[in-house]
Amino acid sequence: MYKHLIDAAHAARANAYAPYSKFSVGAALLSKSGQIFCGGNVENISLGLTICAERTCVVIALAKGQREFEAIAIVSDSAIPVVPCGACRQVLAEFSPNLHLISATLNGMTEEFELGILLPKPKQGILA
Ligand code: THU
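A brief report on the enclosed structure follows. Everything numeric here is computed off the predicted structure, so don't read it as measured data.

Turning to the site of the ligand, a few remarks are in order. Around the ligand, a shell composed of Ser21, Phe23, Val25, Asn41, Glu43, Thr50, Cys52, Ala53, Glu54, Val82, Val83 and Pro84 is seen. Between the ligand and Ala53, the relevant distance is 2.9 Å, taken from an oxygen atom to a main-chain nitrogen or oxygen of the residue. Isolated, the ligand exposes 370 Å² of accessible area, and the fraction of that covered by the protein chains is 79%. Residue composition of the shell around the ligand, grouped by class: seven nonpolar, three polar and two charged.

Quick look at the sheet that holds strand β1 (residues 25-31) now. The five strands lie next to each other as β2-β1-β3-β4-β5, forming an open sheet whose pairing is mixed. Both outer strands of the open sheet, β2 (36-40) and β5 (110-114), are each paired with one neighbouring strand and no more. Between one strand and the next, the sheet's axes are offset by a mean angle of 15°, whatever the strand orientation. Where strand β4 (residues 100-105) and β5 come together, five bridges link them in antiparallel fashion. By the bridge assignment, Leu101 is partnered in β5 with Phe113. Where helix α2 (residues 53-63) meets the sheet, its contacts fall on β1, β2 and β3 (69-76), and the angle it forms with β2 comes to roughly 135°.

We now examine the pairing of β3. Judged by how many residues are buried, β3 sits mostly within the fold: seven of eight residues are covered. Sheet analysis places β1 next to β3, joined by seven bridges and oriented antiparallel. Considered in β3, the bridge of Leu30 is made with Ala71. Two strands pair when backbone bridges link them, and β3 and β4 are joined in this way by six bridges, in the parallel orientation.

To continue, consider the packing of aromatic side chains. By the definition in use, this model includes one aromatic pair. Plain terms: the ring middles of Phe69 and Phe95 are 6.5 Å apart, the flat faces sit at 85° to each other, and that makes the pair edge-to-face. In this pair, Phe69 sits in strand β3 while Phe95 sits in helix α3 (residues 86-95), placing the two residues 26 residues apart along the sequence. The class for Phe69 is buried, based on a relative accessible area of 4%.

All told, the structure shown has one salt bridge when counted by the stated rule. For the salt bridge of Asp7 with Lys3, the shortest nitrogen-to-oxygen distance reads 2.8 Å. Taken together, the residues span about one helical turn, with Asp7 and Lys3 both in helix α1 (residues 3-12) at a distance of four residues. Classification of Asp7 by relative accessible area gives partly exposed; the value is 38%.

Thresholds applied
- Residues numbered from 1 in each chain as written.
- Predicted model: local features only at pLDDT ≥ 70, side-chain atom pairs only at ≥ 80, totals over all residues.
- Heavy atoms only, no water.
- Near = heavy atom within 4 Å.
- Polar contact = N/O pair within 3.5 Å; in protein donor to acceptor, adjacent residues only side chain to side chain.
- Areas by Shrake-Rupley, 256 points an atom, 1.4 Å probe, with all protein chains shown as cover.
- Nonpolar A, V, L, I, M, F, W, Y, C, P; charged D, E, K, R; others polar.
- Pairing = 2+ DSSP bridges.
- Helix = DSSP H or I, 4+ residues; strand = E, 2+ residues; numbered from the N terminus.
- Axes fitted to C-alpha atoms, helices over the stretch in contact; angles between N-to-C directions.
- Contact = heavy atoms within 4.5 Å.
- Buried < 20%, exposed > 50% of the residue type's maximum accessible area, 1.4 Å probe, protein only.
- Phe/Tyr/Trp six-rings, centres within 6.5 Å; stacked < 30°, edge-to-face > 60°.
- Salt bridge = Lys/Arg side-chain N within 4 Å of Asp/Glu carboxyl O.

Encoded structure:
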């Protein structure tokens, strides 16, 4: 399931910019309209400015006019599949609180998550 999305995330990993951690991550975001938006992590020498692969995809998709998403695949070279950080969970939830996540390692291990489980109560409303 979602093999095409994992393949797209795998390919996107090649363009990750991760000179500091040396941990390249690729992600591919599937819109409800069926389009796929890909990207990798973009690190910065000021480490806190680093953008994870998941957020790169969201920004690219938004720039192309897409705001509703079905699933995201994430690929990294780790012993176990990565789970998105809290910042990415919140950014993903802004658009698709019920997003399906598929995380895969280079050696083929996969794990699937629901964003609603990873972030059960996303921040809503700017005043409260
Ligand atoms: N990273 C991602 O891009 N996505 C994840 O889900 C996990 C971590 C990046 C951020 C940083 O550039 C590097 O991996 C090490 O944490």
